[in-house]
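Given next are the chains, with one letter for each unit.
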Amino acid sequence: MSKRDRRGDRMGAATASDVGTGRLDRRTVLKGVGAGSVVPLAGCLGTYDAVVGDSSGPEPVRVGVLAPNPQSDFIGRSMVQSAQVAVDERNDDHDGIDDRAVELVVGDTNGSPLEAKREYQRLVLEENVDVTVGTFASEALVNIMDEIAEQETLHLTSGAATQEVSQLVREEYERYKYHFRVGPTNDTDLGRAQIGFMNDVAGDIGWESIAVLAEDYPWADVPWETVQDRIDDTPVENVLSRRYAPSKNDFTDLYDEIADAGADAAFIMTAHTGNDALFDWSYPNRPAEPPQPQPFAFGGIHVPMQLPTYYEQTNGACRYGVSYSAATEQSEITEKTPQFVDKYEETFGTYPQDMGYYTYDAINLFAEVAESEESLDSADLVPVIEDISYTGATGNVRFYDPDDTYAHDRVYDPDDPTTVGVYFQWQENDEGVGVREVIWPDEYATSEYVTPPWLE
């Protein structure tokens, strides 16, 4: 059995045909999926305080990871488990950092800016960590920036996209220079990635006209503005643009507007409302039996679709949906991508979510720099990281200059496909298993886009 086949088998065998025949009860599935941007799953991580290396010998290097609800939230869990993979590899394959064992200490932010601040303080002041990585919510990251400055301790973000922190680094460099964003790309560059997809792919897959949607949450403000500013320069016609309320859970009227406008696709930016948006597209909340899917394709930045278990969780309702990610279990951005994925799958029996890839790279980048400099002093490491070009599982990691608009953010370079992320489509393989196939950039494509059969 090939590696790709093995990866597909992990995804769950529920098929999209269940959606089309009306055998799937929408409310039942939504109970399992939840209404937010993450999917709680059965099982637990155990109690995370520290994952300890060899306690004999020199004092260990301690890495703190900040993650939301790692006991129950798939994204938080993926961040912590990816950090554990990085720490285990460092201890097993490299004798730690400069012959010092590496320990992992976890701070549960609980998805709260206030709790993120408390946990950051605990990690640095009580657990004496040498570096922190992680944070998912932009509000949480903003709320710890003054603490990072006060403690003068390196923080490598691996989950939040807000430019507020980049502005702080640029405007008060000496105070805030300890922050770097390993991933994701900042919110402007997220918008640029969507435009890149439109320029390179949309016309070829039949998306000649689109409706642009975005939930009215702060995280989507800048990507929305970027797309609105640039979409007229793409070959795609924007026939409708809508920001919609955070409380929206029925997209029927909005989708009727899109159908009436003749859009070939709904291009959406969603995290918190993604599940309802998906189901009202693929399994509309209408009385007809069986329900008729909407007469347009569906994709964009759809955070729930980034979850490697989403096909199983939705009983195949996400089939043919398109989303954006750092990488998938199918992709090979660099040789480190499948190596990390395979180790993660071997250890945990599933695959990492987006923020897990960035967290893994953040720890390995820190380890490489700390060992090369033979120092854990953040002041020593900052100038080295500013000049680094590090090849990780997510591609080439470089950072914008301190005086750049996006100071210390990860560089997005349209001429370097390893820096732009990937677009994938949920497809079904020959065994009826859901798989996230990469469709852009061409260099990393594992499949061609499949047009939903009701649109052919």
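Our subject is the structure listed above.
Since this is a predicted model, take the numbers as computed values, not measurements.

A. Quick look at the overall build of the protein chain. Along the protein chain, the regular secondary structure elements total 16 helices and 15 strands. Across the 456 residues in the protein chain, those meeting the buried criterion constitute 61%. Long-range contacts, defined here as pairs at least 24 residues apart, represent 72% of the contacts in the protein chain between residues at least 6 apart. Surface accessibility of the protein chain: about 17,100 Å² in total, with carbon and sulfur atoms responsible for 40%.

B. Empty space enclosed by the protein, seen in detail. By the definition in use, this model includes 1 cavity of 30 Å³ or more. In terms of lining residues, the largest cavity is bounded by 15 residues, among which Tyr358, Thr394, Thr419, Val420 and Gly421 are the most central. In terms of residue class, the lining of the largest cavity is made up of 8 nonpolar, 6 polar and 1 charged.

C. Fine view of unusual backbone geometry. Between glycine 183 and proline 184 the backbone carries a cis peptide bond, its omega angle lying at -5°. Mapped onto the fold, proline 184 is located in the loop between β6 (179-181) and α9 (187-202). Here tryptophan 440 and proline 441 are connected by a cis peptide whose omega angle stands at 0°. Positionally, proline 441 belongs in the segment after β15 (434-440). Unusually for a residue other than glycine, glutamate 152 sits at a positive phi of about 55°. Mapped onto the elements, glutamate 152 comes out in the loop between α6 (138-151) and β5 (155-157). One non-glycine residue, histidine 408, lies in positive phi territory at about 65°. By secondary structure assignment, the location of histidine 408 is in the loop between β13 (395-397) and β14 (422-428). For histidine 408, a relative accessible area of 0% corresponds to the buried category.

D. Region of the structure containing the pattern of salt bridges. Summed over all chains, the structure comprises 18 salt bridges. The salt bridge partner of arginine 90 is glutamate 371, with a shortest N-O separation of 3.1 Å. With arginine 90 in helix α4 (residues 74-94) and glutamate 371 in helix α15 (residues 354-373), this pair connects stretches of sequence that are 281 residues apart. Notably, a salt bridge pairs arginine 242 with glutamate 257, separated by 2.6 Å at the nearest N-O pair. Of this pair, arginine 242 sits in strand β8 (residues 237-244) while glutamate 257 is found in helix α11 (residues 252-261), placing the two residues 15 residues apart along the sequence.

E. Region of interest: the side chain of aspartate 409. With respect to the element layout, aspartate 409 can be found in the loop between β13 and β14. Side chain to side chain, aspartate 409 and serine 166 meet in a polar contact 2.7 Å long.

Calculation notes
- Residues numbered from 1 in each chain as written.
- Predicted model: local features only at pLDDT ≥ 70, side-chain atom pairs only at ≥ 80, totals over all residues.
- Heavy atoms only, no water.
- Helix = DSSP H or I, 4+ residues; strand = E, 2+ residues; numbered from the N terminus.
- Buried < 20%, exposed > 50% of the residue type's maximum accessible area, 1.4 Å probe, protein only.
- Contact = heavy atoms within 4.5 Å.
- Areas by Shrake-Rupley, 256 points an atom, 1.4 Å probe, with all protein chains shown as cover.
- 1 Å grid on protein atoms, 1.4 Å probe; cavity = no way out; pocket = protein on both sides within 12 Å on 5 of 7 lines; lining within 4 Å.
- Points joined across faces, edges and corners; volume = space filled by probe spheres on them.
- Nonpolar A, V, L, I, M, F, W, Y, C, P; charged D, E, K, R; others polar.
- Salt bridge = Lys/Arg side-chain N within 4 Å of Asp/Glu carboxyl O.
- Polar contact = N/O pair within 3.5 Å; in protein donor to acceptor, adjacent residues only side chain to side chain.

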